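# Structural description and commentary
The primary structure of each chain is shown beneath.
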Amino acid sequence: MSADGPDRAGDGSVDATARVVDGAAATDEERQVEAALRPRRLAEFPGQQRVRDQLGLVLEAARRRQAPPDHVLLSGPPGLGKTTLAMIISAELEQPMRITSGPAIQHAGDLAAVLSSLVEGEVLFVDEIHRMARPAEELLYLAMEDFRVDVIVGKGPGATAIPLELPPFTVVGATTRAGLLPAPLRDRFGFTGHLDYYSTEDLQRILVRSAGLLEIEATRDGIYEIASRSRGTPRIANRLLRRVRDWAQVHGQHIVDHEAALAALELFDVDQQGLDRLDRAVLEALCKRFGGGPVGLGTLAVAVGEEPDTVETVAEPYLVREGYIVRTPRGRSASRTAWEHLGLTPPHPGVAQDQLPIGEQPGRLDH
Ligand SMILES: Nc1ncnc2c1ncn2[C@@H]1O[C@H](COP(=O)(O)OP(=O)(O)OP(=O)(O)O)[C@@H](O)[C@H]1O
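All figures in this text were calculated on a predicted structure; none of them were measured in a lab.

All right, on to the site of the ligand then. Taken together, the neighbourhood of the ligand is formed by 19 residues, with Pro 46, Lys 82, Thr 83, Thr 84 and Arg 235 sitting nearest. Contact between the ligand and Tyr 198: a nitrogen atom at 3.0 Å from a side-chain N or O atom of the residue. In this structure, an oxygen atom belonging to the ligand sits 2.9 Å away from a side-chain N or O atom of Arg 235. Burial of the ligand by the surrounding chains reaches 95%, relative to a free accessible area of 630 Å². When its residues are assigned to classes, the shell around the ligand shows nine nonpolar, five polar and five charged. Two domains share the shell around the ligand, each providing at least three of its residues, namely domain 1 (48-194) and domain 2 (200-267).

Spelled out as structure tokens, the structure:
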């Protein structure tokens, strides 16, 4: 990201691709740093206590039975540790892991080739499993159930299916959109773990660990400041830590302290609640130009110079989750929190009828 923030064009529009608070991994370089920061064992993995306890039990039981565990589905927003947990499963089971992803499997044949080369007990990690092509999905869930694939030989009317036995293996699927998985596939997972956003305390623990691994000296209040602006997401926390470290180094200071955190996060446009420029542009448009809404997604997107899809998938999830925006049948409305965050007075006390979330408004449809 450029030092002058996401408004690279200088025309007031916001470049959403340059966000330092994006939960998705950005570059190959970032992926390399991430690999170094991943906890390797369940005991080293801070946060997600419930999923960790449940998974610990499933893995321990499998170890005692000396058989592969049930297939595992991990769901949750980007950057919360699904890939990390998949790697931990393979490490805890002391089994090799094969990595693939939904978008990489566009033909059933691609998947058949992977499945037929698995060794007994191997962990097959399928990232973004909801993006697999339909015929491959069907092949996968049959293989998960029966440990068998039908290899098709020949083409057209003369084609024959030759069943191929597979050794027992474990699929670990990861998805940000569990609702998009077809039921037959979802049902083949004996254990589903849903990862939730982390508390500031857990993020502090993660940051202390990361700072140690990256040999960054940091104070407690510096770490707290970064954790509290990281949107509950370890990937963002680790990224902000590196930006604050950069700021400290450039300013001849070798310690990440409160002052460095404040200055760097201001430079990168991350405010006290972890909102960045795009988030604030959306809130300002809603409150200042449209009187708090409701306003349609398309109109709102034009007002901030972005595609509707970007506003909906990049900015909105966090703003809705944190209660800044309410999705109503007639469009998006600003909540009291949004007005207060911008230092403005809401026009009416309380929440108007059409600011109630969808589902609490009888007989109306969202457009
Ligand atoms: N509980 C955790 N403790 C320490 N670091 C974590 C934790 N969860 C995630 N991380 C770190 O955050 C980064 C992103 O994690 P990971 O790649 O596992 O997320 P993900 O959920 O698979 O994301 P995506 O959906 O984009 O694939 C990694 O560097 C990882 O080490």
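It is worth spelling out the domain arrangement of the protein at this point. Partitioning the protein into domains gives domain 1 (48-194), domain 2 (200-267) and domain 3 (277-360). Each of domain 2 and domain 3 was reduced to a C-alpha centroid, and the two centroids are 30 Å apart.

As a further point, take the side chain of Arg 52. Along the chain, Arg 52 falls in helix H2 (residues 49-65). Asp 53 provides the closest opposite charge to the buried, unpaired Arg 52, separated from it by 4.8 Å. A distance of 2.4 Å separates a polar atom in the side chain of Arg 52 from the backbone oxygen of Phe 45. The residues contacting Arg 52, other than those within four sequence positions of it, are Leu 42, Phe 45, Pro 46 and Gly 47.

So, on to the nonpolar core. Counting 44 residues, the largest nonpolar core has Leu 55, Leu 85, Val 172, Ile 226 and Val 244 as the members making the most contacts within it. The element contributing the most residues to this core is helix H9 (residues 234-250), with seven residues. Both of domain 1 (48-194) and domain 2 (200-267) provide at least three residues apiece to this core. Discounting chain neighbours no more than four positions away, the residues touching Leu 85 are Leu 42, Phe 45, Val 51, Leu 55, Leu 74 and Leu 195. By size, the runner-up hydrophobic cluster in this structure holds 24 residues, among which are Ala 112, Val 114, Met 132 and Phe 189.

Take the pattern of salt bridges next. Under the defined criterion, the tally for this structure stands at 27 salt bridges. Between Arg 41 and Glu 92 there is a salt bridge, with its nearest N and O atoms 3.3 Å apart. Within this pair, whereas Arg 41 is found in the loop between helix H1 (28-37) and H2, its partner Glu 92 is found in helix H3 (residues 82-93), the two being separated by 51 residues in sequence. What makes Glu 92 buried here is its relative accessible area of 12%. Salt-bridge contacts for Arg 321 lead to Glu 322; the nearest nitrogen and oxygen are separated by 3.0 Å. When its relative accessible area of 34% is taken as the criterion, Glu 322 is described as partly exposed. Linked by salt bridges that have partners in common, Arg 41, Glu 60, Arg 63, Arg 64 and Glu 92 make up one network.

Mapped onto this numbering, the UniProt entry annotates "binding site: Mg(2+)" (unreviewed entry) at Thr 83. Within the secondary structure, Thr 83 sits in helix H3. A relative accessible area of 22% means that Thr 83 is categorised as partly exposed. Excluding residues within four positions of it along the chain, Thr 83 makes contact with Arg 38, Phe 125 and Asp 127.

Moving on, we come to the pairing of strand S6 (residues 170-175). The element S6 is extensively covered by neighbouring structure, given that six of its six residues are classed as buried. Alternating residues of S6 divide into Thr 170, Val 172 and Ala 174 and Val 171, Gly 173 and Thr 175, and every residue in both groups is buried. For strand S1 (residues 72-75) and S6, the ladder comprises four bridges, and the chain directions are parallel. Paired with Ser 75 across the bridge in S6 is Thr 175.

Here the focus is the pairing of strand S10 (residues 325-328). The pairing of S10 with strand S11 (residues 331-334) spans four bridges and is classified as antiparallel. Across the sheet, the residue bridging to Arg 327 is Arg 332, located in S11. Hairpin connection from S10 to S11: two residues lie between these consecutive antiparallel strands.

So, about the sheet that holds S6. If you trace the five strands from one edge of the open sheet to the other, you get S2-S3-S6-S1-S7, paired in parallel fashion. Each having just a single partner strand, strand S2 (97-101) and strand S7 (191-194) make up the two edges of the open sheet. Strand-to-strand twist across the sheet, computed as the mean angle between neighbouring axes with direction ignored, equals 15 degrees. Alignment of strand S3 (residues 123-127) against S6, held across four bridges, turns out to be parallel. Among the inter-strand pairings, Leu 124 is bridged to a residue of S6, identified as Val 171.

It is worth spelling out the confidence of the model for the protein at this point. Per-residue pLDDT for the protein averages 87, and the proportion of residues at 70 or more is 89%. Below a pLDDT of 50 lies the segment residues 1-12, which in the model reaches 20 contacts outside its immediate sequence neighbourhood of four places, other chains included. In this model residues 356-367 is a low-confidence stretch, pLDDT under 50, and it forms 24 contacts with partners more than four residues away in sequence or in other chains. Interface confidence for the predicted complex, expressed as ipTM, amounts to 0.98; the pTM equals 0.84.

Right, let's get into the UniProt feature "binding site: ATP" (unreviewed entry) in the protein. UniProt feature "binding site: ATP" (unreviewed entry): in the numbering of this structure it lies at Leu 37, Arg 38, Gly 79, Lys 82, Thr 83, Thr 84, Glu 145, Asp 146, Phe 147, Arg 188, Tyr 198 and Arg 235. A maximum C-alpha distance of 37.0 Å among these annotated residues, which run over 199 residues, shows that they spread across the structure rather than meeting at one spot. Within the secondary structure layout, Arg 188 lies in the loop between helix H6 (183-187) and S7. Those residues within four positions of Arg 188 in sequence are excluded, and the remaining contacts are His 71, Tyr 141, Met 144 and Glu 145. Relative to the helices and strands, Tyr 198 is located in the loop between S7 and helix H7 (200-213). Classification of Tyr 198 as buried rests on a relative accessible area of 8%. Apart from the residues lying within four places of it in its own chain, the contact partners of Tyr 198 are Phe 45, Pro 46, Gly 47, Gln 48, Leu 80, Leu 203, Ile 206, Gly 232 and Pro 234. From its side chain, Tyr 198 meets the backbone oxygen of Leu 80 in a polar contact 2.6 Å long.

Reading the values: rules and limits
- Residues numbered from 1 in each chain as written.
- Predicted model: local features only at pLDDT ≥ 70, side-chain atom pairs only at ≥ 80, totals over all residues.
- Heavy atoms only, no water.
- Near = heavy atom within 4 Å.
- Polar contact = N/O pair within 3.5 Å; in protein donor to acceptor, adjacent residues only side chain to side chain.
- Areas by Shrake-Rupley, 256 points an atom, 1.4 Å probe, with all protein chains shown as cover.
- Nonpolar A, V, L, I, M, F, W, Y, C, P; charged D, E, K, R; others polar.
- Domains from an automatic or database assignment.
- Helix = DSSP H or I, 4+ residues; strand = E, 2+ residues; numbered from the N terminus.
- Buried < 20%, exposed > 50% of the residue type's maximum accessible area, 1.4 Å probe, protein only.
- Lys, Arg positive; Asp, Glu negative; His and termini not counted.
- Salt bridge = Lys/Arg side-chain N within 4 Å of Asp/Glu carboxyl O.
- Contact = heavy atoms within 4.5 Å.
- Core = buried A, V, L, I, M, F, W, Y, C linked by side-chain atoms within 4.5 Å.
- UniProt positions renumbered as here; feature names shortened; annotations may be inferred.
- Pairing = 2+ DSSP bridges.
- Axes fitted to C-alpha atoms, helices over the stretch in contact; angles between N-to-C directions.
- pLDDT = per-residue confidence, 0-100.

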